[in-house]
Amino acid sequence: MVALPVSIDRTSPVPLYHQLAEQLTAAITGGSLHPGDAFENEIAMSDRLGLSRPTVRRAIAELVNQGLLIRRRGIGTTVANQMVHRKAELTSLYDDLEREGRTPRTEVLSLDCEAQDDRAAAVLELPAGTPLVSIVRLRYADDLPLAIMRNWLPPALKDLSLEELTSTGLYAVLRARGIRPTVARQRIGARNATADERRTLHMSKAEPLVTMTRSAYAADGSPVEYGNHCYRADQYSVDVVVSER
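Now for a description of the structure that goes with this document. What you are looking at is a predicted structure, and each value in this text was computed from that prediction instead of being measured.

Procedures and definitions
- Residues numbered from 1 in each chain as written.
- Predicted model: local features only at pLDDT ≥ 70, side-chain atom pairs only at ≥ 80, totals over all residues.
- Heavy atoms only, no water.
- 1 Å grid on protein atoms, 1.4 Å probe; cavity = no way out; pocket = protein on both sides within 12 Å on 5 of 7 lines; lining within 4 Å.
- Points joined across faces, edges and corners; volume = space filled by probe spheres on them.
- Helix = DSSP H or I, 4+ residues; strand = E, 2+ residues; numbered from the N terminus.
- Nonpolar A, V, L, I, M, F, W, Y, C, P; charged D, E, K, R; others polar.
- Expected span 1.5 Å × (residues − 1).
- Buried < 20%, exposed > 50% of the residue type's maximum accessible area, 1.4 Å probe, protein only.
- Contact = heavy atoms within 4.5 Å.
- Pairing = 2+ DSSP bridges.

## Points about empty space enclosed by the protein
Across all of its chains, the model carries one cavity of 30 Å³ or more by this definition. One number sums up the size of the largest cavity: a volume of about 120 Å³. Along the wall of the largest cavity there are 15 residues; nearest its centre are Ser 92, Leu 93, Arg 137, Leu 170 and His 229. When residues of the lining of the largest cavity are traced back to their parent elements, those giving at least two are α4 (93-99), β5 (132-141), β6 (144-153), α7 (170-176) and β9 (223-232). For the lining of the largest cavity, the class distribution of residues is six nonpolar, four polar and five charged.

Encoded structure:
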């Protein structure tokens, strides 16, 4: 357990907990601590820095909320594995991982070119009962299983190969075929994982999933794909920039 160097300026208008949280965040993201390392407990940190326990507790809670620290009963607080921060823009998870210096890897769990799903057909503006291309993939970040991705595509793409789907992201595959997703509607949520999802993603029963459904469209407004994905919540977050109207 490393006692990170921290400098608190009590004359600053910046709240003490925020000063502490900022410096702890910088230490973790800068590599002073590594994934899985034990983190100094709040009592020891409070005594060492001369701060109240509520102040230290609030700072640590900030890092937990950011996904930088993980609290587990009976284990204590540890540094989380590197989290994927996905900006609210139309990119594939494969591209996001590469941009963050991670090594993406894909395992195709199923590829069905005769799948029927009325909800997906409606999103793709096709009649109910239309045979669709259904893909279920497991995406790894380095060697960590990160996401289960379920996608439905129009029947014109039934010649998709396993090699294409494992070598790159889905949007790169579509672009290579002259199909360019340019806008999408997304819904972000959370839920408990099923038993199969927990086994696939190596999760405990208490850990939640981040979910995302996406309908993507080409520039002319035609639908190109419908996706229903789930991600390990300790490894994934969505960054959104908001502004005053």
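## Overview of helix α1 (residues 16-29)
Here α1 is 14 residues long and its end C-alpha atoms lie 20 Å apart, about the 20 Å a rise of 1.5 Å per residue gives. Those residues of α1 that sit buried are Tyr 17, Gln 19, Leu 20, Ala 21, Leu 24, Thr 25, Ala 27 and Ile 28. Check the buried side of α1 and you find it contacts α2 (42-49), α3 (53-65), β1 (69-72) and β2 (76-79).

## Focus on the pairing of β5
Within β5, ten of the ten residues are buried, which leaves the element mostly enclosed by the surrounding structure. Burial of β5 is two-sided: the residues Leu 132, Ser 134, Val 136, Leu 138 and Tyr 140 facing one way and the residues Val 133, Ile 135, Arg 137, Arg 139 and Ala 141 facing the other way are all buried. The pairing of strand β4 (residues 104-115) with β5 spans nine bridges and is classified as antiparallel. Among the inter-strand pairings, Pro 104 is bridged to a residue of β5, identified as Ala 141. Bridge count for β5 against β6 is nine bridges, and the pairing is antiparallel. When the bridges of β6 are listed, Leu 138 appears paired with Ile 148.

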